[in-house]
Amino acid sequence: MTDSRRSFLTTSLGAAGALAASGFPFPRLTLAADDTLFIGLLCDQTGSYSADGGDLQKGYELAIEDLNAGTGVMGKVLGGKKGVLGKKITYKIADTQTKPDPAVQRATEFITQDKASMFTGGVSTAEVIAMEKTAQQNKVLFMTGASGSNDTTGKDCQRYAFRSQCDAYMVSKALAPVLAAKLGKKRRAVYLVPDYSYGHSLADSMKEFTEKEGWTTVAQVVAPFPTSDYSSYLTNIANANADTFVNIEFGNDGVSSTKQAAQFGVLKKMQLVVPNISTYFADGVGADIMGGVYGTLPWSFRLQDRYPMAKIFVDSFTKKYGSRPRWTAQIAYDQIAIWADACYRAKSVASADVIKVLEEGHPIELSLGKVYYRAGDHQQVRPVPIVLGKKPEAMQGKDDFFEILEVVPGESVMQPLNLTGCTLPPV
Amino acid sequence: MDLHLVAAQLLNGVALGAILALVALGLTIVFGLLGFVNFAHGAIFTSGAYGGWVVYTKTGSFVLGVATALATAFVLGIVIERLLIRSYYNRPPEDQILVTFGLAIVIVETIRAIFTGQTQTFETPSWGNGVVNVAGIFYPQYRLEVIAVVAVTLLAIYLLIYKTRIGLIVRAGIDDPLVVNLLGINVRRTFMFVFAMGAALAGLAGVFDSPLLAVNPDMGTDVLVQSFVVIVIGGVGSFGGAIVGGLIAGEIISLATAFIPDYSQALLYVAMALVLILRPQGLFGVVGRS
C-alpha cells in the first residue's frame, strides 16, 4: 500500500508539474495512476566497463518489455501474467560511469525521488558493494548487476542485496580442475590483477585452487583500476619465469592488457588463462588471441542447446537488437525475472516481503536452468560454464568465440557459508 | 636488480614519453601562443584515434589511417576554433576551461553514440609486429617504431616553428601578439592554424597510440592529465620543455610502476609539485610569461 501510495503521489506531483508547465488547467490532473511500479536501472554507460553496461541495459529493457507484455521468458516464468501484481513497470536508466560515487548518488535519487520498489545494476564490484550499502541503509531491495568478488556476498553482504553472478570462489573451484586436466599439474603462473576488491578476490581464489592442483604462483603484478598503458607491468610479467599468464583484468582493461601482452611477446611464451571473461573481451582482443584461451563465462548464447529458456531468451533478444545477447544481458534479464516471480509469490512488492520469499530459495527455471538464492549470503546457486576460445576457422558467426567445455553445477562449487565472512544484517 | 629488466623499463619510459611529448607539444603551443587552456585536447586525441581506426580497418592501410587521423583532428580543430574557441580568447581561464571541458564531453559522447563504448581492436600494422632484440632486451618492434616516428615528427615541427615564416609569426605571436597584430599580420588566421596544428598533433598521437593501448571513447582522459603534468614540468609554451618533460614523465611513470608500484600513481604528481616549488616556471619555462 505504501508503495502504491507513494508512486501515486510522485506521479501526481510529476504530472502536476508537467501540466502546469504546459498551461493546462489544474483540475485535469486526476487521471494520474497508482497502477505503476518504478524500478531504477543503473548501467555503466561510460567508463572502462561501458561495453558490459551496454548489454546489461539491453537485458533490462527487454526484461521490462517482456514483463509488461507477458511475453518471452517472462511469459513462461509468470504464466503469461502482465506486469507485477497488476501493476505496469516503469523505469529510468542512470549512468554509473563505472564508479561507486555516481552509482550511489543515482541509486539514492531512484530511492528518494522516484520511490523505487527495487533497483538493479552495476558492472564493477566497487559500484555494486557501494550500492548494496545504499540498499541496506534505505531498506530497498537491490538485485545486483555484474559483480565477481567474493566480498559482494561475503564480508560486504547485505540483507537487501542479491547477487546472481558466480563469485570468485565458484569460478576458481570450477575452473582449476579443468585447467589442471588440460594444461597439466606443473604450471608456473603469473597474475595480472586490478587493484580493487574484485581483482584481489579472484586472484586469491584462483591461486588457492590452482595451487591445490599442483600449480606454482611465481608472481602477482597489481595494476591500478583503470589503467591504459600496461607496458611496465607486462615487462615484469614477461620476466617472471612463468609458463602461464592468468589475466584477472576485466572490461576495457582486460582487452588493453591482453593486446599489449601479445605485443610484448608474453602470449607466445605463456598460456593465457582469463578466469572471468568480460562481455566483449573476445571481440576486443580478436579471435587470433582468443583461440586456445581457457576461462569461464557466466553465461553464453551457446547454452541455448542445454536450456530451453536460454533459447527463448536468445531468440527474443536477437529479434529486438539484431545481435545475440552477452552474459551481462542474461544477468539483467534474469534478475528482473527472479524479482517479479518473488513479488508474485510474496503477493507484495514491499522489499522486506520479497526478501523473505527469495531467502526461501524456490528454484526458478531461467537461461541457466534452475537457479535459486542461498539464504545465508544471498549468493545465487547457479552453474559455472567453463569455456575454451575457438580458433578463428572454427567460429560459426562473428560472435561465436567460445566452445563450452563443461557446465559445472553450482551446488558443487559454492563456498561453505561459514567461510564467506557474511553476516546478514536484520530486515 | 636485473639490469635487462631496468633497461626494458627505461625503453618503456621513452616510448610512453614520446607519445606524451607529442600530445603535450600540441597543448603547449596552443597555450603558449593563444594563452588558451584546451581541456578538449584529450577528446581530440580520441577523435584522431577513431578516425584512423575507421579507415585503417576498412582499407587495411595504416598510412591512410594516419592521414585520416591527422585530417580528422585538423578539421575538428578548425571547426571548433571558428565556432567556439575564438569567442573565448579574451575570456578568463576558468571560462576557457569550462567551455573546453564541456566540449570534450560532447566530443567523447558523440564518439560513444556512434561507435558504442566497446573497446575496438586496432591491429598493430604488419610492419610493427614482432619483438626485436635490442642488446639482449626483447622489445616490441612497434614501440621502437613509434619512438622513431615521434622523433621525426618533432624534428619537422621544430623546423616548421624555427625555420619558416609561419613559424616566425607563431614565435613572435607567443612573445607579443599585440605587436604582431599591429604589424598587419592576420593573427586570427594564424591563431586558427596554430590551434588546428595543435589538434593535429593530438590526433597523430592518438592514432599511433591506438595499437599500444586500445581504442575506446575514454582513451584520451589519462593522456590529457599526464600531458598537463608534462607541460608544468617542462615549462609552458616551451618546445624543448614538452619533449624533456614528456621523457621525464614517461620514465617516472614507467620506473615507478615497475619497481615501486604502490607509489606509481603519486610519484608523477610529486615530481610536478617539486618543480612548482623549486622552479615554478618549469624546467624550460621563462619567468613572467602569462
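Just so we're clear, the structure is a prediction, and the values are computed from it rather than from any experiment.

Draft legend 1. Broad picture of the overall build of chain B. Counting its regular elements, chain B contains 11 helices and 2 strands. Starting at the N terminus and walking to the C terminus, you meet the elements of chain B as α-α-α-α-β-β-α-α-α-α-α-α-α. Taken over the C-alpha trace, chain B has a radius of gyration of 19 Å; the compact-globule value for 290 residues is 19 Å, and the two agree within 12%. Across the 290 residues that make up chain B, the buried fraction comes to 54%. Carbon and sulfur atoms make up 70% of the accessible area of chain B, which amounts to about 12400 Å² in all. Here chain B contributes 13 positive and 14 negative side-chain charges, whose respective centroids are spaced 15 Å apart.

Draft legend 2. A look at the nonpolar core. Core analysis: the biggest nonpolar cluster contains 139 residues, and F245 and W339 of chain A have the highest contact counts within it. With near-sequence residues (within four places) excluded, W339 of chain A lies in contact with L37, I39, V84, I89, S117, M118, L141, M143 and V354 of chain A. Ranked by size, the runner-up nonpolar core spans 76 residues in total, among them L25, L34, M197 and V229 of chain B.

Draft legend 3. Region of interest: helix α11 (residues 264–278) of chain B. Taking 1.5 Å of rise per residue, 15 residues should cover 21 Å, and α11 of chain B covers 22 Å from first to last C-alpha, within 8% of that figure. For α11 of chain B, the complete set of buried residues consists of S264, L268, A271, M272 and V275 of chain B. Each buried residue of α11 of chain B lies within a common arc of 105 degrees when the element is viewed along its axis, so the set occupies one face. With respect to the buried face of α11 of chain B, the exposed residues turned more than 90 degrees away are Q265 and I277 of chain B. At its buried positions, α11 of chain B is contacted by α8 (231–238) of chain A together with α9 (220–234) and α10 (239–259) of chain B.

Draft legend 4. Representation of unusual backbone geometry in the model. Residues and elements named next belong to chain A. Put simply, F225 and P226 share a cis peptide bond, and its omega is -10 degrees. Take P226: it is sitting in the loop between β7 (216–223) and α8. Positive phi, normally seen in glycine, also occurs at N241, with a value near 60 degrees. Within the secondary structure, N241 is located in the loop between α8 and β8 (244–247). The backbone of H378 sits at a positive phi, close to 65 degrees, despite the residue not being glycine. Summarising the element assignment, H378 is placed in the loop between β12 (369–373) and β13 (380–381).

Draft legend 5. Looking closely at the interface of chain A and chain B. Listed per partner, the contact involves 28 residues of chain A and 32 residues of chain B. For the chain A and chain B pair, buried surface summed over both sides reaches about 2300 Å², with 48% attributable to carbon and sulfur atoms. In this structure, the connection of chain A to chain B is made through 1 salt bridge. Counting across the chain A and chain B interface gives 14 residue pairs in polar contact (both at pLDDT 80 or more). Mapped by element, the contributors of at least two residues to the side of chain A that touches chain B are α2 (50–69), α8, α9 (251–263) and α11 (281–285) of chain A.

Draft legend 6. The arrangement of the side chain of R382 of chain A in detail. Residues and elements named next belong to chain A. For R382, the location among the structural elements is in the loop between β13 and β14 (384–389). Look at R382: it is buried, it has no salt bridge, and the nearest opposite charge is D334 at 7.3 Å. A polar contact of 2.9 Å, which involves the side chain of R382, links it to the backbone oxygen of S164. Excluding its chain neighbours within four sequence positions, the residues that come into contact with R382 are S164, Q165, C166, M170, P298, Q330, L368, V371 and G410.

Draft legend 7. Summary view of the pattern of salt bridges. All names here are of chain A. This model, assessed by the stated rule, comprises 22 salt bridges over all chains. The shortest N-O distance in the salt bridge between E213 and K185 comes to 3.0 Å. You can see E213 sitting in the loop between α7 (197–212) and β7 and its partner K185 sitting in the loop between α6 (168–183) and β6 (188–194), a full 28 residues away along the chain. Owing to a relative accessible area of 47%, K185 belongs among the partly exposed residues under this scheme. Three or more residues joined by partner-sharing salt bridges are found here, namely D151, K155 and D156.

Draft legend 8. The state of the cysteines, seen in detail. Residues and elements named next belong to chain A. The tally for this structure, following the rule as stated, stands at 1 disulfide over all chains. Residue pairing for C157: its cysteine sulfur links by disulfide to C422, the two sulfurs lying 2.1 Å apart. One disulfide, between C157 and C422, carries an S-S torsion of 90 degrees and so falls in the right-handed class. With C157 in the loop between β4 (141–144) and β5 (161–162) and C422 in the segment after β15 (402–408), this pair connects stretches of sequence that are 265 residues apart. What makes C422 buried here is its relative accessible area of 15%.

Draft legend 9. Region of interest: the confidence of the model for chain A. Across chain A, the average pLDDT comes to 92, with 92% of residues at 70 or higher. In this model residues 8–32 of chain A is a low-confidence stretch, pLDDT under 50, and it forms 12 contacts with partners more than four residues away in sequence or in other chains.

Draft legend 10. Main features of the packing of helix α1 (residues 3–34) of chain B against α10 of chain B. All names here are of chain B. Where α1 meets α10, the axes come as close as 6 Å, and the angle between the chain directions of the two elements is 140 degrees. As judged from the angle between their axes, α1 and α10 are oblique. For the pair α1 and α10, the sense of crossing is right-handed. Among the residues making up the contact of α1 with α10, the classes are represented as 19 nonpolar, 8 polar and 1 charged.

Draft legend 11. Up close: α8 of chain A. For α8 of chain A, the tally of buried residues reaches 8 of 8 residues, placing the bulk of the element in the interior. Restricting attention to buried positions, one finds in α8 of chain A the residues S231, S232, Y233, L234, T235, N236, I237 and A238 of chain A.

Draft legend 12. View of the sheet that holds β6 of chain A. Residue and element names in this part refer to chain A. If you walk across this open sheet you meet the 7 strands as β7-β6-β8-β9-β10-β14-β15, and the pairing is mixed. The open sheet is flanked by β7 and β15, the only strands paired with a single partner. Within this sheet the neighbouring strands show an average axis-to-axis angle of 20 degrees, counted without direction. On the sheet, α8 packs against β6, β7 and β8 and is oriented at approximately 170 degrees with respect to β7. Seen against the sheet, α9 touches β6, β8 and β9 (271–276) and runs at an angle of roughly 160 degrees to β8.

Draft legend 13. Representation of the pairing of strand β1 (residues 131–134) of chain B. Residue and element names in this part refer to chain B. Judged from the 4 bridges that link them, β1 and strand β2 (residues 137–140) form a sheet pairing that is antiparallel. Considered in β2, the bridge of V134 is made with I137. Hairpin connection of β1 to β2: 2 residues between the antiparallel strands, including A135 at a positive phi of 45 degrees.

Draft legend 14. Representation of the sheet that holds strand β3 (residues 118–121) of chain A within the structure. Residue and element names in this part refer to chain A. One open sheet accounts for 5 strands, arranged β2-β1-β3-β4-β5; its pairing is parallel. Edge positions in the open sheet fall to β2 (88–95) and β5, since each of these has one partner strand only. By the bridge criterion, 4 bridges tie strand β1 (residues 36–43) to β3 in an arrangement that is parallel. For L42, the partnering residue across the bridge sits in β3 and is G121. Relative to β4, helix α5 (residues 125–138) is tilted by about 165 degrees, and along the sheet it contacts β1, β3, β4 and β5. Packed onto the sheet, helix α15 (residues 351–360) meets β4 and β5 and runs at close to 45 degrees relative to β4.

Draft legend 15. Geometry of the packing of α2 of chain A against helix α14 (residues 327–346) of chain A. Residue and element names in this part refer to chain A. Put simply, α2 and α14 touch, their axes get as near as 6 Å, and they point 35 degrees apart. Here α2 and α14 pass one another in a crossing that is right-handed. For the pair α2 and α14, contact is made by D52, D55, L56, G59, Y60, L62, A63, D66 and L67 and by T328, A329, A332, Y333, I336 and A340, respectively. Grouping the constituent residues of the contact of α2 with α14 by class yields 10 nonpolar, 2 polar and 3 charged.

Rules and cut-offs
- Residues numbered from 1 in each chain as written.
- Chains lettered and ligands numbered in written order.
- Predicted model: local features only at pLDDT ≥ 70, side-chain atom pairs only at ≥ 80, totals over all residues.
- Heavy atoms only, no water.
- Helix = DSSP H or I, 4+ residues; strand = E, 2+ residues; numbered from the N terminus.
- Rg over C-alpha atoms; globule rule 2.2 N^0.38 Å.
- Buried < 20%, exposed > 50% of the residue type's maximum accessible area, 1.4 Å probe, protein only.
- Areas by Shrake-Rupley, 256 points an atom, 1.4 Å probe, with all protein chains shown as cover.
- Lys, Arg positive; Asp, Glu negative; His and termini not counted.
- Charge placed at Lys NZ, Arg CZ, Asp CG, Glu CD.
- Core = buried A, V, L, I, M, F, W, Y, C linked by side-chain atoms within 4.5 Å.
- Contact = heavy atoms within 4.5 Å.
- Expected span 1.5 Å × (residues − 1).
- Arc of directions from axis to C-beta.
- Buried area = accessible area lost by both parts, 1.4 Å probe.
- Salt bridge = Lys/Arg side-chain N within 4 Å of Asp/Glu carboxyl O.
- Polar contact = N/O pair within 3.5 Å; in protein donor to acceptor, adjacent residues only side chain to side chain.
- Disulfide = S-S within 2.5 Å.
- pLDDT = per-residue confidence, 0-100.
- Axes fitted to C-alpha atoms, helices over the stretch in contact; angles between N-to-C directions.
- Parallel < 35°, antiparallel > 145°, perpendicular 65-115°, else oblique.
- Left-handed = near helix turned anticlockwise from the far one by under 90°.
- Nonpolar A, V, L, I, M, F, W, Y, C, P; charged D, E, K, R; others polar.
- Pairing = 2+ DSSP bridges.

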